[in-house]
Amino acid sequence: MQNILENHPYIQQVIALEKKYEDRAELHRNVGDLLQKMGADDEFLKLVVKRNFEDAGFLKQQWSEYNIPFFYIYETADINLKIHFFPAMENYVKGTAAHCIHHHNNYLLTTAAIFGTGYETMLFDKKVDMDPETLACKMKITKHFTQLEKPVHTIDAWEPHLVYNPGVFSATLQLWTPDLKRSTDNLRTNPILKALKTPLRQLIYTLGLEKKFGIAPQHTYQWYPEGDHFKAIEENEYFEPTRKSVGEKVNNFSVQTICIFLQRKGLVDKDYLKSLLSNPSLPAYYTKWFNSLLNDETIADTYCKSEINIPQRKYNMQDVITAAGA
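Residues numbered from 1 in each chain as written. Predicted model: local features only at pLDDT ≥ 70, side-chain atom pairs only at ≥ 80, totals over all residues. Heavy atoms only, no water.

Engineer: How should I be thinking about the packing of aromatic side chains in this particular structure?
Structural biologist: The description of two aromatic rings rests on the distance between their centres and on the angle between their planes. Scanning the model with the defined rule gives 22 aromatic pairs in all. Plain terms: the ring middles of Phe-85 and Phe-169 are 6.2 Å apart, the flat faces sit at 20° to each other, and that makes the pair stacked. In this pair, Phe-85 sits in strand β2 (residues 80–86) while Phe-169 sits in the loop between β9 (161–164) and β10 (170–178), placing the two residues 84 residues apart along the sequence. We note that Phe-85, like Phe-169, is buried. Stacked on the ring of Tyr-272, the Lys or Arg Lys-50 has its end atom at 5.1 Å from the ring centre. (Phe/Tyr/Trp six-rings, centres within 6.5 Å; stacked < 30°, edge-to-face > 60°. Helix = DSSP H or I, 4+ residues; strand = E, 2+ residues; numbered from the N terminus. Buried < 20%, exposed > 50% of the residue type's maximum accessible area, 1.4 Å probe, protein only. Lys NZ or Arg CZ within 6 Å of the ring centre and 35° of its normal.)

Engineer: Just to check I follow, could you spell out unusual backbone geometry for this structure?
Structural biologist: Both trends apply: most residues other than glycine have a negative phi, and most peptide bonds are in trans. The backbone of Asn-91 shows a phi angle near 55°, a positive value even though the residue is not glycine. Within the element layout of this structure, Asn-91 appears in the loop between β2 and β3 (107–115). For Asn-91, a relative accessible area of 68% corresponds to the exposed category. Unlike most non-glycine residues, Asp-296 shows phi in positive territory, near 60°.

Engineer: How should I be thinking about the pattern of salt bridges in this particular structure?
Structural biologist: For the structure shown, the criterion picks out 14 salt bridges. Each of Glu-18, Arg-24, Asp-78 and Lys-181 takes part in one network of salt bridges that share partners. (Salt bridge = Lys/Arg side-chain N within 4 Å of Asp/Glu carboxyl O.)

Engineer: It is not clear to me how the sheet that holds strand β7 (residues 141–146) should be interpreted in this structure. Could you clarify?
Structural biologist: The pairing of strands in a sheet happens through backbone hydrogen bonds and is either parallel or antiparallel. Reading across from one edge, β7-β4-β9 is the order of the three strands in this open sheet, with antiparallel pairing throughout. In this open sheet, the two strands that pair with only one neighbour each are β7 and β9. Averaged over all pairs of adjacent strands, the angle between their axes in this sheet comes to 15°, without regard to strand direction. Pairing of strand β4 (residues 120–124) with β9 involves four bridges; the strand directions are antiparallel. Within β9, the residue paired with Met-122 across the bridge is Leu-162. (Pairing = 2+ DSSP bridges. Axes fitted to C-alpha atoms, helices over the stretch in contact; angles between N-to-C directions.)

Engineer: Hey, could you run me through the environment of Asp-269 in this one?
Structural biologist: For Asp-269, the location among the structural elements is in the loop between α9 (248–264) and α10 (270–277). The spatial distance from the C-alpha of Asp-269 to the C-alpha of Leu-294 is 8.6 Å, given a sequence separation of 25 residues.

Engineer: Could you clarify how one ought to interpret the pairing of β10 in this entry?
Structural biologist: Both faces of the sheet carry side chains from a regular strand, because those side chains alternate between them. For β10, the buried fraction is high: nine of the nine residues fall into the buried class. Burial along β10 is two-sided: the face carrying Ser-170, Thr-172, Gln-174, Trp-176 and Pro-178 and the face carrying Ala-171, Leu-173, Leu-175 and Thr-177 are both buried. Here β2 runs beside β10; their pairing, made up of seven bridges, is antiparallel. Following the sheet pairing, Lys-82 is matched in β10 by Gln-174.

Set out below in structure tokens:
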């Protein structure tokens, strides 16, 4: 399917910046204002809505707790633009961690807060001292801020960071790029190779070519505080429960979250929603929420997970500060 946003001026400006700045860090330093402009333009966001709701792959995807609710905007081998939605926390407690400390491997990420209060975040030094036997780690906090203080910020490749749950529903517009241009980048968007992702990745590990292809090491860790230090957990182990959490409840949660954004951002086009509802291939879990929007019924908050897959199930900002010795 051709992306209806491909020729939009904003997308063309992003593409022009990507071509201008071979240095990916320089690209990210220069794209922030444009991301904010995109997020503030309701007419553009209405096109983003159509780009997703007219994409059968998006509509019929199997949502899971692993992939938080989102909208696609535009993707090539070099850039990936998305909107991520952050549900509120039920019985909000400031400084509650949303997940483990993690990095995005070889990807740089620039985030623009476009709705709500945004979240609070910490960034850590890339050097993590880990005991390979006990998985106990030492980590250093390098930055700590809220999105109200920094509505646009960039996270470097391999830079550990942590998001604390926001007090209210929030949304961000994001640009992802690999840290370097590689001759193998186009392989990521090749549909045949994407279908063979797992065996190809295993072959790359066997040949020791992770850095050449720009993929994560075979053993990638995330971290959480444990007393006066941090503890590592293998990424696959950490994500296993959320990857398995699929089905009607998760589908309903994801679409409800998306519709919260449409309603509160003022993006509801009733005629357009009626046309979507007349399509017999529309998944059933969209119907309830689209009808609520049509009837001007307030979409109630969805809530983020109250627990994560670590032994103590949750942790807070003071636990992080204590473990870092800060």
